[in-house]
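Each chain, letter by letter, is given below.
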Amino acid sequence: MNDFGRVLIYIGIVLVIAGLLWQVGGRFLSLGRLPGDVVVERENFRFYFPIVTSIILSIVLSLIFWIISSFRS
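Residues numbered from 1 in each chain as written. Predicted model: local features only at pLDDT ≥ 70, side-chain atom pairs only at ≥ 80, totals over all residues. Heavy atoms only, no water.

Participant: How should the overall build of the chain be read in this particular structure?
Facilitator: What the chain contains, in helices and strands, is two helices and two strands. Counting helices and strands in the order they occur from the N terminus, the chain gives α-β-β-α. A separation threshold of at least 6 residues defines the contact pool for the chain, and within that pool the share at least 24 residues apart is 24%. When the accessible area of the chain is evaluated, it comes to approximately 6200 Å², of which 70% is carbon and sulfur surface. (Helix = DSSP H or I, 4+ residues; strand = E, 2+ residues; numbered from the N terminus. Contact = heavy atoms within 4.5 Å. Areas by Shrake-Rupley, 256 points an atom, 1.4 Å probe, with all protein chains shown as cover.)

Participant: Help me out: how do you make sense of a nonpolar patch on the surface in this one?
Facilitator: Taken together, the side chains of Val38, Phe45, Phe47, Phe49, Ile51, Ile55, Ile59, Leu63, Trp66, Ile67 and Phe71 make up a nonpolar region of the molecular surface, amounting to roughly 1100 Å² of accessible area. Of all elements in the fold, only strand S2 (46-49) and helix H2 (51-72) reach the threshold of two or more residues within the nonpolar patch. For the nonpolar patch, the leading source of residues is H2, giving seven residues. Mapped onto the elements, phenylalanine 49 comes out in strand S2. Classification of phenylalanine 49 by relative accessible area gives partly exposed; the value is 41%. (Patch = residues over 30% accessible without salt bridge, like charges linked within 9 Å, V, L, I, M, F, W, Y side chains within 5 Å. Salt bridge = Lys/Arg side-chain N within 4 Å of Asp/Glu carboxyl O. Buried < 20%, exposed > 50% of the residue type's maximum accessible area, 1.4 Å probe, protein only.)

Participant: Before we go on, may I ask you to explain the pairing of S2 in this structure?
Facilitator: Note on strand geometry: in a regular strand, side chains alternate between the two faces of the sheet. Of the pairings in the sheet, the one linking strand S1 (residues 38-41) to S2 comprises four bridges and is antiparallel in character. The partner of valine 39 across the bridge, within S2, is tyrosine 48. Between the antiparallel neighbours S1 and S2 lie four residues. (Pairing = 2+ DSSP bridges.)

Participant: Can you help me understand the pattern of salt bridges in this one?
Facilitator: Once their charged atoms are close, side chains differing in charge can pair, the charge on each being opposite to the other. Following the criterion strictly, the structure yields one salt bridge and no others. Put simply, glutamate 41 and arginine 46 hold a salt bridge, and the shortest N to O gap is 3.5 Å.

Participant: Would you mind showing me how to read the environment of leucine 34 here?
Facilitator: Structurally, leucine 34 is set in the loop between helix H1 (3-29) and S1. Among the residues examined, leucine 34 registers a relative accessible area of 18% and is labelled buried. Residues leucine 34 and isoleucine 51, spaced 17 residues apart in sequence, show a C-alpha to C-alpha distance of 9.0 Å.

Participant: Just checking my understanding: could you explain the side chain of aspartate 37 for this structure?
Facilitator: Relative to the helices and strands, aspartate 37 is located in the loop between H1 and S1. One polar contact links the side chain of aspartate 37 to the main-chain amide nitrogen of isoleucine 51, over a distance of 3.4 Å. (Polar contact = N/O pair within 3.5 Å; in protein donor to acceptor, adjacent residues only side chain to side chain.)

Any functional reading would require information that these geometric values do not contain.
Rendered as structure tokens:
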């Protein structure tokens, strides 16, 4: 199998795992509404910027890709 095929398989596995974690973990961790996420609400305006959620997802995805790359070499 060529390298591109392996990359697509790894991406698919990561997306499936992330989807499962999102469904299960979202209920318990309330991912997306963490302390530190910025929410500004006005009468006709709502601004939501999930900075802490973005940082946590970045760390988790970096670890997943690091683990995958360590198996590859």
